[in-house]
Amino acid sequence: MRALLVAFVSVALATPASAFCSRGFGYDFESQINAEFKYLICIHNEQNDALNNHSRLINDHADALNIQRASINDLIDRNNEMRQALLSLSSEVRNLAQSNELLEDRISSIEARLYSLEN
């Protein structure tokens, strides 16, 4: 009987922790202690497997989040580069507009002189 109990315990502990854990019973104090011990080990193994599965999920989500953060940082860097280029371009456009106004003023002045010389 003792050998059968030892074989059953070793098989029960070797099974996956996702198996259903139920409280055993015993007729004497020692078998009650052993049944409670097996039950607690089973619960522990279930919790351990659940924590391992959750940690894998958390790590997978963390990896995906890091990839997304890297993409966002890359887009922010590109956005900043484009913003600087646009600021530089708008500054150049303002300078060209001012140069254009000065040239238009000079052309108007030259046309006024030519008109006065012709008449």
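Definitions and limits used
- Residues numbered from 1 in each chain as written.
- Predicted model: local features only at pLDDT ≥ 70, side-chain atom pairs only at ≥ 80, totals over all residues.
- Heavy atoms only, no water.
- Helix = DSSP H or I, 4+ residues; strand = E, 2+ residues; numbered from the N terminus.
- Buried < 20%, exposed > 50% of the residue type's maximum accessible area, 1.4 Å probe, protein only.
- Areas by Shrake-Rupley, 256 points an atom, 1.4 Å probe, with all protein chains shown as cover.
- Salt bridge = Lys/Arg side-chain N within 4 Å of Asp/Glu carboxyl O.
- Disulfide = S-S within 2.5 Å.
- Patch = residues over 30% accessible without salt bridge, like charges linked within 9 Å, V, L, I, M, F, W, Y side chains within 5 Å.
- Expected span 1.5 Å × (residues − 1).
- pLDDT = per-residue confidence, 0-100.
- Contact = heavy atoms within 4.5 Å.

Asks: Hey, could you run me through the overall build of the protein chain in this one?
Replies: When helices and strands are tallied, the protein chain shows 2 helices and 0 strands. Evaluated residue by residue, the protein chain yields a buried proportion of 6% over its 119 residues. Surface accessibility of the protein chain: about 10,500 Å² in total, with carbon and sulfur atoms responsible for 61%.

Asks: Quick question: what am I supposed to make of the pattern of salt bridges here?
Replies: Should the charged atoms of two oppositely charged side chains come close, the side chains can pair. For the coordinates displayed, the defined rule picks out 2 salt bridges. R23 is the salt-bridge partner of E36, the closest N and O atoms lying 2.6 Å from each other. In this pair, E36 sits in helix α2 (residues 29–118) while R23 sits in the loop between α1 (2–14) and α2, placing the two residues 13 residues apart along the sequence. In this structure, R78 and D74 form a salt bridge, with 3.3 Å as the shortest nitrogen-oxygen distance. Linking R78 with D74, this pair stays in helix α2, spanning 4 residues, or about one helical turn.

Asks: When you look at the state of the cysteines in this model, what are you seeing that I'm missing?
Replies: Disulfides are covalent bonds that connect the sulfur atoms of two cysteines. In this structure the tally under the stated criterion is 1 disulfide. In this model, C21 is linked to C42 through a disulfide, with the two sulfur atoms separated by 1.7 Å. Looking along the S-S bond of the C21-C42 disulfide, the torsion reads about -80°, which is the left-handed sense. Taken together, the residues span a long stretch of sequence, with C21 in the loop between α1 and α2 and C42 in helix α2 at a distance of 21 residues. Neither residue differs from the other here; C21 and C42 are each classed as buried.

Asks: Where do I start with a nonpolar patch on the surface in this structure?
Replies: On the surface, a cluster of nonpolar side chains totalling about 290 Å² of accessible area is made up of L86, L89 and V93. Residue placement: L89 occurs in helix α2.

Asks: Help me understand α2, please; the structure alone is not making it clear to me.
Replies: For the α-helix, the turn length of 3.6 residues means that residues three or four positions removed from each other point alike. The end-to-end C-alpha distance of α2 is 129 Å, a good match for the 134 Å that 90 residues give at a rise of 1.5 Å each. Along α2, the residues that are buried comprise A35, K38, Y39 and C42.

Asks: What am I meant to see in the confidence of the model for the protein chain here?
Replies: Low-pLDDT stretches of the model should not have their predicted coordinates read in fine detail. With 84% of its residues at a pLDDT of 70 or more, the protein chain has an overall mean of 86. Low pLDDT, under 50, characterises residues 1–17; the stretch is placed with 8 contacts to residues that sit more than four places away or in other chains.

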